[in-house]
Protein chains: 2
Amino acid sequence: MLELRHLRTISALHETGSVSRAARRVHLTQSALSHQIRVLQAYYGLPMIQRRGQSIELTDAGRQLAALAGKVLEEIQETERDIARLSQQACGSLRIVLECHTCFDWLMPLMDAFRRNWPEVELDLVSGFHADPLKLLEDGSADVVIGSEHGSRRDIVHHPLFRFEILAVLAPEHPLGAKRSLHAADFADTTLITYPVPEDRIDLISKVLKPAGIRLPRRTAELTVAILQLVASRRGIAALPSWGLKNYVEHDYVIARRIGTSGLWSDLYASTPSKTSTCPYMRDFLSTARSTCFATLEGIVPLK
Amino acid sequence: MLELRHLRTISALHETGSVSRAARRVHLTQSALSHQIRVLQAYYGLPMIQRRGQSIELTDAGRQLAALAGKVLEEIQETERDIARLSQQACGSLRIVLECHTCFDWLMPLMDAFRRNWPEVELDLVSGFHADPLKLLEDGSADVVIGSEHGSRRDIVHHPLFRFEILAVLAPEHPLGAKRSLHAADFADTTLITYPVPEDRIDLISKVLKPAGIRLPRRTAELTVAILQLVASRRGIAALPSWGLKNYVEHDYVIARRIGTSGLWSDLYASTPSKTSTCPYMRDFLSTARSTCFATLEGIVPLK
DNA sequence: AAAAAACTATGAATATCATTCATAGCCATG
DNA sequence: CATGGCTATGAATGATATTCATAGTTTTTT
């Protein structure tokens, strides 16, 4: 008999186009999904997916279920919001600390949606730089930190968001553009253009350059567009998450290259006090954060 | 995490207003539902039901879920019909044999709905009297028999529908109306008004009168209203399922009395060849038959 | 009043069945 | 042709839904 878990996986299959990716999305093994699919096919007497070489495709029947899943899961979310409202757990605060400037890109539309769904929740961005953002959670002066994990502290839960690749960004005719991927040595004698944060917060420095003993002059800018401006004007090289670069690369405004042979990857988490991590609007925030990120951000990978 | 099973039980709770009745509806024990409800309450942090003396009532939160369940389960049924259509299992025949005349009452609207949902299925009522209706299934000249169980035959599945009470129907001023319940001896010296079927198909005769050694003159009529006419005109006593009597009793057209101390009850099954019992439109027919019966027929009880 | 017959709640035992593990086959790509 | 990605599948495992056994309530019956 059909269960919501089936709809959740069908939905993930639909969005990812691959069993293993879908499995990571719903926090199960690939095997589990494969068995689920089998059950569905046996139940309805029809294949739900079709192998398309590397990836898979939903069949007509699968798409019917995916459409159903979309509708149903949406309706469930709405109802759960209503119930949260009934339980008077729909008000409170969601003060967000961003460790990573680029996250503005996807956070803004998310916050808009959230504000619509939870009008009673006081939504805020905590501004300024913070040496120890998780401290803000302990203080009670913030509710979520979006950033990397930073070891386990008591009473704080790290919710995995996704893994993304950091690419080197160069001016279009930059000589290094000839290489497919850049290594630490390639960066010598250039200026690094970064957000105005300490060095240890910049993965390119802490994970690549520093281990190789390379120190570079830095220049900072607050906004992503400003950084790209500087790169395009040949003031130096930047390292930015792949997802925000697509448009600029397609317009030949800048070019992007892999860092190291397998790329420089970084993991993003949403950290919350364990107490509030189960409250309805927080759950909703986290789940819609994940789903909108995976839906809109290209090249990111489920975590854990 | 919410699952469809929860929605199915919430829906049953909503319709029956009692945990144990709901449990029988969804073919689980009362304990199972009680645990499910507990899980839901823990998950949402709110009670879902409230004891109202004997029976229970849904809380606001429970009603939210019930509303969701209604919508979602309906949508699922639609999608499953679409998928059945895709699998080309949406055409075939549904030729219904009625062992019990009164069932026309609820079968007609059901057939209308079914015809809308499964236009490609050839829907028919097999008319005439049949000494051995299950034979028709084996012949392949019918697809469902609605009637009592008749022992287990191979390759035939009996799907329980419901248990109903058969009441004695009397003219308003009939002297027997003074008694709360009628026993075999009370029927002596009356005429029995029945459908035109053999004696062994009439429960009042086979289960009550014959064991008591009482034989009565009979008079028959095809239609329920005709039988009621005759009863009202004091031509005799009839025995009919309780559900169809309500209107006539309320208008004092006839009166109805229990037969025996605990009542005369009869079980209704839908029997199908085991082969076709899992085909999509048959499953749909059976499930909507059950749900519409329980929704519209008063005084019936889930079976098994 | 007392007894019987409904009903519901709950902890412990059980059974079911979803998930993982281990593995093999398949398809791309360098 | 080897390597790394993917998927499918049977057997083992683990989680957890369901039942069992039981006690507490409320309603109905005598």
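Predicted model only: the values in this text are computed from it and were never measured.

A. Looking closely at unusual backbone geometry. Residues and elements named next belong to chain A. Even without being glycine, His27 reaches a positive phi, approximately 60 degrees. Note on placement: His27 falls in the loop between α2 (19-25) and α3 (30-44). One non-glycine residue, Arg234, lies in the positive phi region at around 60 degrees. Mapped onto the fold, Arg234 is located in the loop between α8 (224-232) and β10 (237-241). Taking the relative accessible area as the measure of exposure, Arg234 reaches 59% and is therefore exposed.

B. Structural view of the side chain of Asp143 of chain A. All names here are of chain A. The residue Asp143 is located in the loop between α6 (133-139) and β5 (144-147) in this model. Asp143 gets classed as buried once you look at its relative accessible area, which sits at 8%. Only 3.0 Å separates the side chain of Asp143 from the side chain of Ser93, close enough to count as a polar contact. Here the side chain of Asp143 touches Arg95 through a polar contact of 2.7 Å, landing on its backbone nitrogen.

C. Expanded view of the relation of the copies chain A and chain B. By a simple turn and slide, chain A fits onto chain B: the slide is 0.0 Å along the axis, the RMSD is 0.1 Å, and the turn is 180 degrees. The operation mapping one copy onto its partner corresponds to a two-fold rotation axis. In this assembly the copies share their binding face: 100% of the residues contributing to the interface of chain A also contribute to that of chain B.

D. Layout of the pairing of strand β2 (residues 55-58) of chain B. All names here are of chain B. Taking every second residue as pointing to the same face, the buried face of β2 carries Ile56 and Leu58, while none of Ser55 and Glu57 on the other face is buried. With four bridges connecting them, strand β1 (residues 49-52) and β2 associate as antiparallel partners. Each residue of the ladder has a partner; that of Ile49, found in β2, is Leu58.

E. Geometry of helix α5 (residues 104-117) of chain B. Residues and elements named next belong to chain B. Taking 1.5 Å as the rise per residue, α5 with 14 residues should run 20 Å; its terminal C-alpha atoms sit 20 Å apart, in good agreement. For α5, the complete set of buried residues consists of Trp106, Leu107, Leu110, Met111 and Phe114. What you see down the axis of α5 is that its buried residues fit within an arc of 130 degrees, all on one side. Residues of α5 that are exposed and point more than 90 degrees away from the buried face comprise Met108 and Arg116. Where α5 is buried, its residues meet β3 (92-98), β4 (121-126), β5 (144-147), β6 (156-170), β12 (264-273) and α10 (280-296).

F. Seen up close, the pairing of strand β6 (residues 156-170) of chain A. Residue and element names in this part refer to chain A. Counting buried positions along β6 gives 13 out of 15 residues, so the element sits mostly inside the fold. Bridge analysis of β6 against strand β12 (residues 264-273) gives ten bridges, and the strand direction is antiparallel. From the neighbouring strand, His158 faces β12, where its bridge partner is Ser271. In this sheet, β10 lies alongside β6 in antiparallel orientation, the contact comprising four bridges.

G. View of the domain arrangement of chain A. All names here are of chain A. Here the domain parsing of chain A yields domain 1 (4-85), domain 2 (89-162 + 267-296) and domain 3 (163-265). Here the C-alpha centroids of domain 1 and domain 2 sit 27 Å apart. When the buried surface of domain 1 facing domain 2 is broken down by residue, Arg81, Ala84 and Arg85 rank first, second and third, together holding 59% of it. Here domain 1 is connected to domain 2 by two salt bridges. Of the charged contacts, one joins Arg85 and Glu120 as a salt bridge, the two residues approaching to 3.9 Å between their closest N and O atoms.

Definitions and cut-offs
Residues numbered from 1 in each chain as written. Chains lettered and ligands numbered in written order. Predicted model: local features only at pLDDT ≥ 70, side-chain atom pairs only at ≥ 80, totals over all residues. Heavy atoms only, no water. Helix = DSSP H or I, 4+ residues; strand = E, 2+ residues; numbered from the N terminus. Buried < 20%, exposed > 50% of the residue type's maximum accessible area, 1.4 Å probe, protein only. Polar contact = N/O pair within 3.5 Å; in protein donor to acceptor, adjacent residues only side chain to side chain. Least-squares fit on C-alpha atoms with pLDDT ≥ 70 in both. Contact = heavy atoms within 4.5 Å. Pairing = 2+ DSSP bridges. Expected span 1.5 Å × (residues − 1). Arc of directions from axis to C-beta. Domains from an automatic or database assignment. Buried area = accessible area lost by both parts, 1.4 Å probe. Salt bridge = Lys/Arg side-chain N within 4 Å of Asp/Glu carboxyl O.

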